[in-house]
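Residues per chain are reported as follows:
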Amino acid sequence: MASTVQIPLVGGAADGETVTVELDSNGRPPLTHHHLGSNGLAEAQIYELESDAQPGREWVYAWRGPAV
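Residues numbered from 1 in each chain as written. Predicted model: local features only at pLDDT ≥ 70, side-chain atom pairs only at ≥ 80, totals over all residues. Heavy atoms only, no water.

## What to know about the pairing of strand 1 (residues 4-10)
Bridge count for strand 1 against strand 2 (residues 18-22) is five bridges, and the pairing is antiparallel. Its bridge partner being in strand 2, T4 is matched across the sheet by E22. When strand 1 meets strand 5 (residues 59-66), the two strands line up parallel, connected through two bridges. Note on strand 5: the bridge partner recorded for L9 is Y61. (Pairing = 2+ DSSP bridges. Helix = DSSP H or I, 4+ residues; strand = E, 2+ residues; numbered from the N terminus.)

## Details of the side chain of H35
Mapped onto the fold, H35 is located in strand 3 (residues 32-37). On the basis of relative accessibility, which here comes to 19%, the residue H35 falls in the buried class. Not counting residues up to four positions away in its chain, the partners in contact with H35 are L9, A14, E17, E43, A44, Q45 and Y47. (Buried < 20%, exposed > 50% of the residue type's maximum accessible area, 1.4 Å probe, protein only. Contact = heavy atoms within 4.5 Å.)

Below, the structure written as structure tokens:
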């Protein structure tokens, strides 16, 4: 069974939400997260993985803009 981690979303429409993602065999989450809007992919927002210096929080997904 794969390990999971909760990562906060920073910026954009989903600011403050968290997502649960699976870690790869090296213990890292996916490099990007596509946060779907109410109309699915038509309103998707792209978030990119970044290191985070806050204690107890290794990563965040930072908003990069709309997917389309």
